[in-house]
Amino acid sequence: MMAPSVLLLLAWMIVPLAMTIYFSFLRYNLLMPGMEEFAGFTNYKYFLTDPAFFAALKNTLILVGSVLAITVIGGIALALLLDQPMFGQGIVRILVIAPFFIMPTVSALVWKNMLMNPVNGLFAWIAKSLGMQPIDWLATAPLTSIIIIVAWQWLPFATLIIFTALQSLDEEQKEASEMDGAGPISKLVYIILPHLSRAMTVVVLIETIFLLSVFAEILVTTNGGPGTQSTNLTYLIYAQALLQFDVGGASAGGIVAVILANIVAFFLIRLIGKNLES
Amino acid sequence: ETLTIATVNNGDMIRMQKLTDDFKKSNPDIDLEWVTLEENVLRQKVTTDIATKGGQYDVLTIGTYEVPIWAKQGWLVPLDKLGDDYDVDDLLPAIRSGLTQDDKLYAAPFYGESSMIMYRKDLMEKAGLTMPDKPTWSFIADAAKKMTDKDNEVYGICLRGKAGWGENMAFLTAMSNSMGARWFDENWKPQFDQPEWKDTLETYVNMMKESGPPGASSNGFNENLALFQTGKCGMWIDATVAASFVTNPADSKVADKVGFALAPHKDGVEKNGNWLWAWNLAIPAGSKKVDAAEKFISWATSKHYSELVAEKDGWANVPPGTRTSLYENPKYQEAAPFAKMTLDSINSADPKNPTVKPVPYTGVQFVAIPEFQGIGTAVGQQFSAALAGQVSVDQALQNAQSLTTREMTKGGYIK
Amino acid sequence: MARAISTRRKVVWTGLAWLIGFLIFFPILWTFLTSFKTEGEAIASPPSFLFFRWTLENYHDILTSTRGETYFHYFMNSVIISVGSTVCGLIIAIPAAWAMAFSPTKHTKDVLMWMLSTKMLPPVGVLVPLYIIFRDLGLLDSRIGLVIVLTLINLPIIVWMLYTYFKEIPGEILEAARMDGASLMKEIIYVLTPMAVPGIASTLLLNVILAWNEAFWTLNLTTSKAAPLTAFIASYSSPEGLFYAKLSAASTMAIAPIVILGWFSQKQLVRGLTFGAVK
Amino acid sequence: MGSIKLEKVSKSFGEAVVIPSLDLEINNGEFCVFVGPSGCGKSTLLRLIAGLEDVSGGRILIDGKDATDLQPSQRGLAMVFQSYALYPHMSVRSNIGFPLKMAGVEKAEIDRKVEDAAKILNLTDYLERKPRQLSGGQRQRVAIGRAIVRSPECFLFDEPLSNLDAALRVNMRLEITELHHKLGATSIYVTHDQVEAMTMADKIVVLNKGNIEQVGSPLELYHSPRNLFVAGFIGSPKMNLLSGETAQKFGAPTVGIRPEHVTLSTTEGAWKGKVVVAEHLGSDTFLHIDIDGIGQITARASGEIPVRHGDTVYVTPDEERLHRFDDKGMAK
Amino acid sequence: MGSIKLEKVSKSFGEAVVIPSLDLEINNGEFCVFVGPSGCGKSTLLRLIAGLEDVSGGRILIDGKDATDLQPSQRGLAMVFQSYALYPHMSVRSNIGFPLKMAGVEKAEIDRKVEDAAKILNLTDYLERKPRQLSGGQRQRVAIGRAIVRSPECFLFDEPLSNLDAALRVNMRLEITELHHKLGATSIYVTHDQVEAMTMADKIVVLNKGNIEQVGSPLELYHSPRNLFVAGFIGSPKMNLLSGETAQKFGAPTVGIRPEHVTLSTTEGAWKGKVVVAEHLGSDTFLHIDIDGIGQITARASGEIPVRHGDTVYVTPDEERLHRFDDKGMAK
Ligand SMILES: Nc1ncnc2c1ncn2[C@@H]1O[C@H](COP(=O)(O)OP(=O)(O)OP(=O)(O)O)[C@@H](O)[C@H]1O
Ligand SMILES: Nc1ncnc2c1ncn2[C@@H]1O[C@H](COP(=O)(O)OP(=O)(O)OP(=O)(O)O)[C@@H](O)[C@H]1O
Ligand SMILES: [Mg+2]
Ligand SMILES: [Mg+2]
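These figures come from a predicted structure and were not determined experimentally.

Observations regarding the overall build of chain B
Here comes step 1: From N to C terminus, chain B includes 18 helices and ten strands.
Here comes step 2: Relative to the compact-globule value of 22 Å for 415 residues, chain B shows a C-alpha radius of gyration of 21 Å, a close match.
Here comes step 3: C-alpha atoms of chain B, sized along the principal axes, occupy 60 × 55 × 30 Å.
Here comes step 4: Burial status across chain B gives 67% buried among its 415 residues.
Here comes step 5: As displayed, chain B has an accessible area near 14200 Å², and 47% of this comes from carbon and sulfur atoms.

Structure (structure tokens):
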């Protein structure tokens, strides 16, 4: 019964993967047909010795790590806030959840042009109204800007999951801790956070999957620059594949990314597998 | 039959889509299906398709960069049946030469552009200067400094800074030509270690630091246009098509204060810092609808089409930069004050001999080899980092030199 | 057994929550407002928040534009592709998740995790091979092709979500059905599926949203016939020509359907998103 | 220390009045059991005492001092919840030690006290386990451990045994009773189990719709229920209640006779009936007998009696043990 | 129709042998109860009969025919699960009618049968409700309705009452017994509740670690337990088991005496002890007495006896009712 979907996925994985591996050993540029020849590990050599590669690797990890940190911590804070008694909780939830539905391209365009732009953007206007020098977000802090944009998109996801988990916390457990003399902080540290650990694991897992391949936001806002400051692995491969049309190089990059993703996946899944078991 | 036409989403192309009834009138059996996309997306998709022989499109909108490369690969159908009244010789020679290979025209220009200086006459006056016919970079830098009034958000000069081979590198390559620099020597050795490039980049960075707007390193055409239109730029060197936007009172606050001048050059260097670009229509090899496609291209790039636009939307909106006859038309000259400057700019660019020193490639603001998109963007990233102050000019040039050498070695150009 | 809360405390929390909610929502609100401005007002400084001349011109332009096809063409493609891929995904995933949940083997967990890890591969890496495959199969620019791709892309998540739902269904009920004489198919149709309806619904929703917003494959494998709203947006973000207001209007039109769907179904969605993390 | 006094305590949830007005005194060291039908307000009353709900009116005195406005943690009470409410992510040791940790007690001191409590509750071998690795009865004991560790003035139990199976319930019942004797602290215990109430309580409080129907020792309630409600509620199997003509004969609108207070015979007796179900437990026999003109009554006999489904038997109520109730259902 | 025979049935889960080898015959129309400690294999055995698990060895004959390899649905059995396993998305009507629908019975016929079943079970008013709108007892009845509607040869019940509260349990117990009398179908009933086993069974099967310890009628097991295990298992409160010197006096390594078979006195008797806990139920009194040199024993007296915690009492066992066991724990 598992067979159909597993087979399909297998095909989905294996066929292009095999082709990619094959291409990665070819000197193959789409724009120069007829010149394909076996190139050994040349493509890998060039990809791995590209100075941009380590920058991209670092940026990828920083991006994923920071967004995870922001969304998980922010998600907990927001979930705790939403859990307080208030009027119009439903509406606030609707406001908070909305960024999750926005196409990445659209949100990148909006942030870049209408918010972060140092001259016409709203942030600049606010800074100027307060008598401060507007920050040139995308030039001086490109990776941070992208982290902000991506975190904005994923914060609702984290909030929602953590909020739901929070609501599932047994009321009697909270009362028991009150009887035991726990104040708000102790309650948070000893009762609530441990209860949320499973939800946080899910957030980390799912977000990591999507964050490893963040791409549209970078393309629209900074084009990976200035320099390679906001280039991540996916974007680097994109540059190989769709700017240079260097299929060989991009394939090698793809394979490297696959291997790295699997290393991440391996640790993540071990961590999470355990947490999801119980 | 249905033609699938891939186009970019600029104003002229959109206008053409609205005028297709005219084409349908004379060709009732041909249906048109438009694929309108943002430039970079379009380029990616069209290239992927043509290179893998996907056969998705019958008519392509491609730039002057692609035409020679693709023609050489045999990916384009030569346009030899454009019709008797098409008048190929009317096409501007600079534009036409970039689209011609072995005496065959592989793409028909829909509109062409160069770059020039747009400046605020009022600010220039206030600074006590007048724009010379052929300004030099030192004049520009000086004027920019004098026009700048940061407290009131007036910046002397706005230039492209966003990384990309078609973004900052289009401007910087053109600028470097006017400084006497070149991308490669005759042996395809990168030239970023030469003083001319250092001169170029230093001038650019210093000028922008002193008189440019904040955030310049992520500014492209649109961002600068917005700045200029809202009165925040003293001078702007960019595509000639911008002229019609900045002089349009509906969108621009400064419509009546704009002057135009030829792109600058360095004292003693004969080349100007302007580029040459055209959007062209071409037919991919392997299209099964070559005849219909050619009919369409002929219609869209004909004089008749110009008249059609003039009739519907006025002469100012006719696609510029392709035909001599347009610039000789007094009605156009009257409607478009920037006509002469555009023509001069286009004519002063020579894609076959873009620089002072000899080069092994064609292209004014690009190098027409397949690797250029990647290299150009990577170098562009370095230069935009220098502009943002993230690396020094020397460092940026050094990085550019080494990464270009790498890629050229990989590409087999440097043995 | 909630305790009574003082109104003053409630008011304080309400204020804080509304403020933060508003801040998070602001970029979307801003886009929405901008879509009613003229291009000039859209870049005006200082920006005007509500007191500008409201115009529907941008929407008028979009709905009557002759750029390729009309908005509705893209919209329909988006609907067909996202719903189609989700339905296909469910048809494949339900039996698989059923098998994993109710007759697990030693390797079930590994298979699941492996499925998830396939989602971590960068799609650009396999674009060219896939493009070639699609060309040879004649699937370029076809809705079927996109449905297939998106089905496969989202399959791991669908399988996992369903798996966690099915695990919550007590095995005794399925055994009861077996005692009652239901065959395997009938068991799935009459008992399992209806019981998992909330779970399936939320899986469906999440996947419609993911598919709706998927911008890489939908953009690269289509030209016109099958192009969805992501392509529509791509035709509005131009490096040459100033379209902030129009872009805002186009963005609003592209995201509105899914935002509204998301809002209406948020309860379902929340359940779906939690992947059984929260019981 | 440890006496609890409720003065005119009332509680409403919005419109709904759950406890109209209630006075009650529980003495130091007493084991007091609240019983009553589901929804009658037992848990609510307990939670008011614990401070988990605010009273709508009246005062709560703990140990003579007004505790109405104190926080739960300041009242010096400990509570054992029906669901145990153990902290699932903490080991047994941490669970039991948690109240001490919150009180800022030193690590060594905590360890000592936790181990003492574990010894009392036979949990020493399980200190490092997580709650989910324990059986129901063990979890129950951990919950109790968490309550006793800080030597509270008074224990509150909300149906602590209702999640356990029958055999375990019997054991835990004895353990709690023994513990009560050992610690001597006041305890308030909510249950709906007859046997628990009867065997554990010093004092039973019968609640109905937020009102106290009767307060007294188990045997007081058994022997002299104040009204029909208490009569029907206390005792298992339930008292047979008869009305109409039969009752008139005994001079009251309603009379009640407990199953164990009738005499059975196969040959003669006051009422003749047919056995509907005969339940032979070995030690006892329960007969459900259909009596002409009276209806079905339950009779109980010690040991075995050889009757089966369908047999005819005679039943004689023990008049001395008959309960008589007036029109309003009050005992006469 | 309806007889069930197990021949050398065995079952292992991987390495773990749950049922080594077991023979059992259940006659047509019999009400057979499986009892035994938790984990002894009761449910497994029931599920083997149902066909929900495959046997590892041996044969299962239903009604004389080999059913070992038949699908659950082909065996003509109906099962009532501990959790009821109702289909939550179907109305009561559809729940009860589901087996008929699966069997391809006509719509009209289904309706008729469902309504008949509902009438028997007093569910007529609830036919259109969803399970979640029903009380525990009603849900239980729906589960039974689903079982009886297709007139199976045999009913299988797996602890069907363990999720109900005490009062409901008593009622449902009577209802199932009555139903059994009415329908007369063979029933196999798993429980760990003493009272259920004693009152409902025609035949009790005592299981221990997958082996049958004894098969017999409730009173047979009560009076003559075959071994120590059965003696300790059957009867509530448990039989007091004594060994050592005391037992030697009665001429056996171990002797057992049930709590109800001792005589209590405050003045004289065979053994002197101190009351540890006295549980006064009104109808009975349970005393847990610590006797010097013997240990703690439980005694039961009808009605009340005025003893309290700490009192000294004398206990005299009824020698006629003493059970004697040899070295191997078998009854002598
Ligand atoms: N937070 C609340 N809001 C509104 N009504 C409530 C609340 N808590 C309890 N009630 C109502 O108060 C009444 C008494 O509830 P309570 O829980 O005290 O009953 P109980 O005697 O403990 O019942 P059970 O034996 O079922 O536990 C019920 O009718 C209940 O619905
Ligand atoms: N699917 C299974 N795989 C492995 N072991 C099992 C499985 N099902 C049951 N067992 C084991 O078989 C033994 C008997 O289990 P069974 O459920 O029959 O006990 P039971 O008598 O019904 O107990 P209870 O009274 O607790 O319900 C137990 O030790 C149990 O752990
Ligand atoms: Mg309660
Ligand atoms: Mg069992």
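A closer look at the pattern of salt bridges
Here comes step 1: Counted under the stated rule, the structure contains 64 salt bridges over all chains.
Here comes step 2: The salt bridge partner of Lys24 of chain B is Asp31 of chain B, with a shortest N-O separation of 3.4 Å.
Here comes step 3: The residue Arg47 of chain D makes a salt bridge to Glu53 of chain D at a minimum N-O spacing of 3.1 Å.
Here comes step 4: We classify Arg47 of chain D as buried; its relative accessible area is 5%.
Here comes step 5: One salt-bridge network, held together by shared partners, links Arg93, Lys107, Asp111, Glu115 and Glu128 of chain D.

A look at the site of ligand 1
Here comes step 1: Around ligand 1, the structure places twelve residues, and the nearest of them are Ser38, Gly39, Lys42, Ser43 and Thr44 of chain D.
Here comes step 2: Close to ligand 1, residues of chains C and D are found.
Here comes step 3: Contact between ligand 1 and Ser43 of chain D: an oxygen atom at 2.5 Å from a side-chain N or O atom of the residue.
Here comes step 4: In isolation ligand 1 exposes 640 Å². Once the protein is present, 65% of that is buried.
Here comes step 5: Here the shell around ligand 1 takes three residues from helix α1 (residues 42-50) of chain D, the largest share from any one element.
Here comes step 6: Here the residues of the shell around ligand 1 sort into five nonpolar, five polar and two charged.

Some words on the UniProt feature "domain: ABC transmembrane type-1" (unreviewed entry) in chain A
Here comes step 1: Here the UniProt feature "domain: ABC transmembrane type-1" (unreviewed entry) sits at residues 57-268 of chain A.
Here comes step 2: As a span, residues 57-268 of chain A carries 76% helix and 0% strand, and end to end its C-alpha atoms are 17 Å apart.

Concerning helix α6 (residues 122-129) of chain A
Here comes step 1: Within α6 of chain A, burial applies to Leu122, Ala124 and Ala127 of chain A.
Here comes step 2: Of the surrounding secondary structure, the elements contacted by the buried residues of α6 of chain A are α5 (104-116) of chain A together with α1 (7-34) of chain C.
Here comes step 3: Just downstream of α6 of chain A lies Gly131 of chain A, where phi reads positive at about 75°.

Topic: the state of the cysteines
Here comes step 1: Enumeration over the complete set of coordinates arrives at one disulfide over all chains.
Here comes step 2: Here Cys158 of chain B engages in a disulfide with Cys233 of chain B; their sulfurs sit 1.9 Å apart. Negative torsions about the S-S bond denote left-handed disulfides, and the value of about -85° found for Cys158 of chain B with Cys233 of chain B makes this one left-handed. On the criterion of sequence distance, the pair formed by Cys158 of chain B in strand β7 (residues 155-158) and Cys233 of chain B in strand β8 (residues 233-239) is long-range, its members being 75 residues apart.
Here comes step 3: Given a relative accessible area of 0%, Cys158 of chain B falls into the buried group.
Here comes step 4: Residue classification places Cys233 of chain B among the buried residues on the basis of a relative accessible area of 0%.
Here comes step 5: In this structure Cys154 of chain E is a free cysteine whose sulfur lies 9.1 Å from that of Cys32 of chain E, the closest cysteine sulfur available.

Observations concerning the interface of chain C and chain E
Here comes step 1: Residue-level contacts link 15 residues of chain C with 24 residues of chain E.
Here comes step 2: At the boundary of chain C with chain E, total buried surface from both sides reaches about 1700 Å², with 64% on carbon and sulfur atoms.
Here comes step 3: Broken down residue by residue, the surface that chain C buries against chain E is led by Glu172, Met179 and Asp180 of chain C, which jointly contribute 42%.
Here comes step 4: Between the two partners, chain C and chain E, sit two salt bridges.
Here comes step 5: For Asp180 of chain C, the salt bridge is made with Arg146 of chain E, and the minimal N-O distance between the two is 3.6 Å.
Here comes step 6: Inspection of the region where chain C meets chain E yields six residue pairs in polar contact (both at pLDDT 80 or more).
Here comes step 7: If you list the elements that add at least two residues to the side of chain C that touches chain E, you get α8 (171-179) and α9 (184-195) of chain C.
Here comes step 8: Top contributing element to the side of chain C that touches chain E by residue count: α8 of chain C, with seven residues.
Here comes step 9: Residues belonging to the side of chain C that touches chain E are distributed by class as follows: nine nonpolar, one polar and five charged.

Quick notes on the packing of helix α5 (residues 108-117) of chain C against helix α7 (residues 143-168) of chain C
Residues and elements named next belong to chain C.
Here comes step 1: Remark: α5 packs on α7, axes separated minimally by 8 Å, with the N-to-C direction vectors making an angle of 140°. As summarised for this structure, α5 and α7 are arranged oblique, according to the angle between their axes. Like other packed secondary-structure pairs, α5 and α7 cross with a definite hand, here left-handed. Residues Thr108, Lys109, Leu112, Met115 and Leu116 of α5 touch α7, and the partners they reach there are Pro156, Val159, Trp160 and Tyr163.
Here comes step 2: Here the contact of α5 with α7 is built from residues that sort into seven nonpolar, one polar and one charged.

What counts and what doesn't
- Counting from 1, residues in each chain are numbered in the order their sequence is written.
- Chains carry letters and ligands carry numbers; both start at the beginning, A for chains and 1 for ligands, and go up in the order they are written.
- Local features in a predicted model are, by the rule used here, given only for residues with pLDDT of at least 70; side-chain atom pairs are given and counted only at 80 or more, and totals for whole chains, interfaces and linings are based on all residues.
- The side-chain values count all of the structure's non-hydrogen atoms but skip hydrogen atoms and water molecules.
- For the purposes of this entry, the term helix denotes a DSSP run of H or I that reaches at least four residues, the term strand denotes a run of E that reaches at least two, and both are numbered from the N terminus.
- Computation of the radius of gyration draws on C-alpha atoms alone. For the globule rule, the value is 2.2 Å times the number of residues to the power 0.38.
- Only protein chains enter the accessibility calculation, which uses a 1.4 Å probe; a residue whose area is less than 20% of its type maximum is buried, one above 50% is exposed, and one in between is partly exposed.
- The protein chains shown are the only cover counted for residues, whose accessible areas, like all others here, come from Shrake-Rupley with a 1.4 Å probe.
- One speaks of a salt bridge when a side-chain nitrogen belonging to Lys or Arg is within 4 Å of a carboxyl oxygen belonging to Asp or Glu.
- Whether a residue is near a molecule or strand depends on its heavy atoms: it is near if one of them lies within 4 Å of it.
- Throughout this description, a polar contact denotes any pair of N or O atoms lying within 3.5 Å of each other; where both atoms belong to protein, one of them has to be capable of donating a hydrogen while the other can accept it, and for residues adjacent in sequence the pair is counted only when both atoms sit in side chains.
- Only Asp, Glu, Lys and Arg are considered charged, only Ala, Val, Leu, Ile, Met, Phe, Trp, Tyr, Cys and Pro nonpolar, and every remaining residue, Gly among them, polar.
- UniProt positions are given in the numbering used here, feature names are shortened, and annotations may be inferred rather than shown by experiment.
- When checking whether two residues touch, look at their non-hydrogen atoms; a contact exists if any pair is within 4.5 Å.
- In plain terms, two cysteine sulfur atoms within 2.5 Å form what is called a disulfide here.
- Once two parts are joined, some of their accessible surface, as seen by a 1.4 Å probe, is lost; buried area is that loss totalled over both.
- A fitted line through C-alpha atoms serves as each axis, taken over the contacting stretch for helices, and the angle formed by two N-to-C directions is quoted from 0 to 180°.
- Roughly parallel here means an angle under 35 degrees, roughly antiparallel means over 145, roughly perpendicular means 65 to 115, and every remaining angle is called oblique.
- For any helix crossing, the convention is left-handed if the near helix is rotated counterclockwise from the far helix by under a right angle, and right-handed if that rotation is clockwise.

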